[in-house]
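One-letter residues, chain by chain:
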Amino acid sequence: MVADSIATTERERRLTSAPDIPIHERMASIAGPAVLDVQNFSAYYGQFRALDGVSLQIPDRQITALIGPSGCGKSTLLRCMNRMNDLVDGFHCEGRLTYHGQDLYDKKVDVVEVRRRVGMVFQKPNPFPKSIYENIAFGPKVNGIKGNMDEIVEHALRQAALWDDVKDKLKQSGLALSGGQQQRLCIARALAVQPDVILMDEPCSALDPIATLKIEDLMKDLAKVYTIVIVTHNMQQAARVADYTAFLMMREDRAGELVEFRDTDSLFTAPKDKRTEDYITGRFG
């Protein structure tokens, strides 16, 4: 029993200890311009440090996946990218997080405009208790987007690969759709306000395998036009859809840190950091 305890402690120490590999070898240089640039970014909830010194760049019109065990700060980082964490009491941050060179946390920044340009799709589908049509039209109306509303609604639904399913029942409640259709409705709702970036927080975790594959195919199509950042616990999903992958983990002080950020093929087939290899091969997490 004592020997097992010592072995377990030593194994955990190896998994959480800092590597000998220089950080520049574990962090990729992206191809093309960065839409979001995170530099030495730390996030706090009150006195608790949820993220410590994260630095990475989100490339334009690519899919970037954030993976790692529960509690490592993936969703915190994602929500910082459109300032959703501002709504949490006690939240504050340090470092820089820029969008096309503009500091998102500058006091002069319009938070509503940030959230229009950087949209969010949540883990559980959350349609408004309104018709399918009104679910899509609500955002453009609130944001004062000009144009033919019928065309805006149809375009967003077509982009989300939902138009053929709902074109004859636009007046029906969005809550009457299946789970996978509801999630595509929420994606269409985000697209209707003409964003630049789409953040997705485990968008397939509540869906069956068939609905999951439809969302994954949709993400690949959307990445031709939009920049996408996805949080997922499903490493196979990250390997299937992401161009770049960032692996985060929680230190002994419970702060999340970025361990490795590289193109997805390299990270999964030849990780530079032993902790990444141990996680993706199921040795911990």
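Keep in mind it's a predicted model, so treat the numbers as computed, not measured.

### Some details on the state of the cysteines
Consideration 1: One pass over the full model with this rule turns up zero disulfides.
Consideration 2: You can see C93 has no disulfide; the closest cysteine sulfur is in C80, sitting 6.2 Å from it.

### Focus: the packing of helix α5 (residues 132-142) against helix α8 (residues 179-191)
Consideration 1: Between α5 and α8, the least distance of the axes is 7 Å, while the angle of their chain directions is 30°. Taken as axis vectors, α5 and α8 run roughly parallel relative to one another. The hand of the α5/α8 crossing is right-handed. Where α5 approaches α8, its residues I132, N135 and I136 are matched on the opposing element by L185, A188 and R189.
Consideration 2: Split into classes, the residues belonging to the contact of α5 with α8 amount to four nonpolar, one polar and one charged.

### Looking at the confidence of the model for the protein
Consideration 1: Taken over all residues, the pLDDT of the protein has a mean of 89, while the share at 70 or more is 88%.
Consideration 2: Per-element confidence in the protein is highest for strand β8 (residues 227-231), whose mean pLDDT is 98, and lowest for helix α1 (residues 2-16), whose mean pLDDT is 42.
Consideration 3: Taken together, the stretch residues 1-18 has pLDDT below 50 and engages in nine contacts with residues farther than four places along the chain or on a different chain.

### Side note on helix α6 (residues 149-159)
Consideration 1: The complete set of buried residues in α6 reads M149, I152, V153, A156, L157 and Q159. Buried residues of α6, seen end-on, are gathered within an arc of 160° and therefore sit on one face of the element.
Consideration 2: Where α6 is buried, its residues contact α5, α7 (163-166), α8 and α9 (209-222).
Consideration 3: A161, located one to two residues past α6, shows a positive phi value of around 55°.

### Section: the environment of E113
Consideration 1: Here E113 lies in helix α4 (residues 111-117).
Consideration 2: By relative accessible area, E113 is classed as partly exposed at 26%.
Consideration 3: A sequence separation of 30 residues divides E113 from N143, and the C-alpha atoms of the two residues are 8.9 Å apart.
Consideration 4: At 2.8 Å, the side chain of E113 forms a polar contact with the side chain of R117.

### Side note on the environment of A156
Consideration 1: With respect to the helices and strands, the residue A156 is situated in helix α6.
Consideration 2: Between the C-alpha atom of A156 and that of A137, which follows or precedes it by 19 residues, the distance is 9.6 Å.
Consideration 3: The contact partners of A156, leaving out residues within four places of it in the chain, are I136, A188, L191 and A192.

The rules behind the values
- Residues numbered from 1 in each chain as written.
- Predicted model: local features only at pLDDT ≥ 70, side-chain atom pairs only at ≥ 80, totals over all residues.
- Heavy atoms only, no water.
- Disulfide = S-S within 2.5 Å.
- Axes fitted to C-alpha atoms, helices over the stretch in contact; angles between N-to-C directions.
- Helix = DSSP H or I, 4+ residues; strand = E, 2+ residues; numbered from the N terminus.
- Parallel < 35°, antiparallel > 145°, perpendicular 65-115°, else oblique.
- Left-handed = near helix turned anticlockwise from the far one by under 90°.
- Contact = heavy atoms within 4.5 Å.
- Nonpolar A, V, L, I, M, F, W, Y, C, P; charged D, E, K, R; others polar.
- pLDDT = per-residue confidence, 0-100.
- Buried < 20%, exposed > 50% of the residue type's maximum accessible area, 1.4 Å probe, protein only.
- Arc of directions from axis to C-beta.
- Polar contact = N/O pair within 3.5 Å; in protein donor to acceptor, adjacent residues only side chain to side chain.

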